[in-house]
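Breakdown of the fold
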Amino acid sequence: MPPAFAQSNGWYAGIMTKLPEVRRRLAADRAAALAQLGRLERDQADIVAAAQAANGDDEHDPEGATIAFEREHTAALAGQARRHLADIDAALSRLDAGRYGTCERCGGPVSPARLAARPAAATCITCAARAR
Ligand SMILES: [Zn+2]
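As the structure is a prediction and not an experimental result, all values here were calculated from the model. (Residues numbered from 1 in each chain as written. Predicted model: local features only at pLDDT ≥ 70, side-chain atom pairs only at ≥ 80, totals over all residues.)

So, about the overall build of the protein. The helix and strand inventory of the protein stands at 5 helices and 0 strands. Taken from N to C terminus, the helices and strands of the protein fall in the order α-α-α-α-α. Here the protein holds 132 residues, and 14% of them are scored as buried. Nonlocal contacts in the protein, meaning residues at least 24 apart in sequence, comprise 56% of its contacts between residues at least 6 apart. (Helix = DSSP H or I, 4+ residues; strand = E, 2+ residues; numbered from the N terminus. Buried ≥ 20, exposed ≤ 12 C-beta atoms within 10 Å, placed from the backbone. Contact = placed C-beta atoms within 7 Å.)

Take the nonpolar core next. Grouped together as the largest cluster of nonpolar side chains are 12 residues: Ala33, Leu40, Ala81, Ile88, Ala91, Tyr100, Cys103, Val110, Leu115, Ala120, Ala121 and Cys124. Listing elements by their share of this core, those giving two or more residues are helix 2 (10–53) and helix 3 (62–96). Of the residues forming this core, the biggest block, 3 residues, is contributed by helix 3. When residues of this core are sorted by domain, at least three fall in each of domain 1 (16–100) and domain 2 (102–132). Those residues in contact with valine 110 that sit more than four places away from it in its chain are Gly101, Thr102, Cys103, Leu115, Ala121, Thr123 and Cys124. (Core = buried A, V, L, I, M, F, W, Y, C linked by C-beta atoms within 7 Å. Domains from an automatic or database assignment.)

The end-to-end C-alpha separation of helix 3 is 51 Å, in line with the 51 Å expected for 35 residues at 1.5 Å each. Here helix 3 has its buried residues at Ile67, Thr74, Ala81, Ile88 and Ala91. One or two steps after helix 3, the chain reaches glycine 98, where phi turns positive at roughly 75°. (Expected span 1.5 Å × (residues − 1).)

Another aspect to go through is the environment of leucine 85. Among the structural elements, leucine 85 can be located in helix 3. Residue leucine 85 is classed as partly exposed on the basis of its 18 C-beta neighbours within 10 Å. Distance from leucine 85 to arginine 30, taken between C-alpha atoms, is 6.2 Å for residues 55 residues apart in sequence.

What follows deals with the environment of alanine 32. Structurally, alanine 32 is set in helix 2. When the 14 C-beta atoms within 10 Å are taken as the criterion, alanine 32 is described as partly exposed. The sequence separation of alanine 32 and alanine 81 amounts to 49 residues, and the corresponding C-alpha distance is 9.7 Å.

What follows concerns the confidence of the model for the protein. Across the protein, pLDDT averages 85, with 82% of residues at or above 70. Across the protein, helix 5 (residues 125–131) holds the top mean pLDDT of 92, while helix 1 (residues 4–8) sits lowest at 47. Counting contacts from residues 4–8, a segment whose pLDDT is below 50, to residues more than four positions away or on other chains yields 6 contacts. (pLDDT = per-residue confidence, 0-100.)

See below:
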C-alpha cells in the first residue's frame, strides 16, 4: 500500500492516470534494452571467436591486447544493459503491485519529473543522491 499522505494528494492521482502510458514506455524501454543486450552478446561471441582465431597470445600480441580491451568493454556494456533490464522489470512489478512512483527506500513519492526522465527509477531524488 502507498503511504496515506501519497494517496491524499494530487500527486498520487496524477500518477494513477498516467499508468497505462508508463507501462507502454517501460515496455518499449524493455524491448530496446533486450535488443541492445542481444547485439552486445553477439559482439561478445564475435570477440571470443576473433580471440581464438588470433591464436591467443594475449600478453604479447598487440592484436590480443586490443581484443582483451574490447572484450572487457563489451562485457561492461552488457552488464549495464542487464542492470537496466532488471530496473525496468522491477519497475513493472512495482506497477503491478500498485507501488509505482513510491520510493523503495523512504516510501515517499518519486517526483513526476524524475519518473518522466527515468521511468524505471526506484527511489526519489533525495534517496538516489544519498546512495551515491
Ligand atoms: Zn526516497
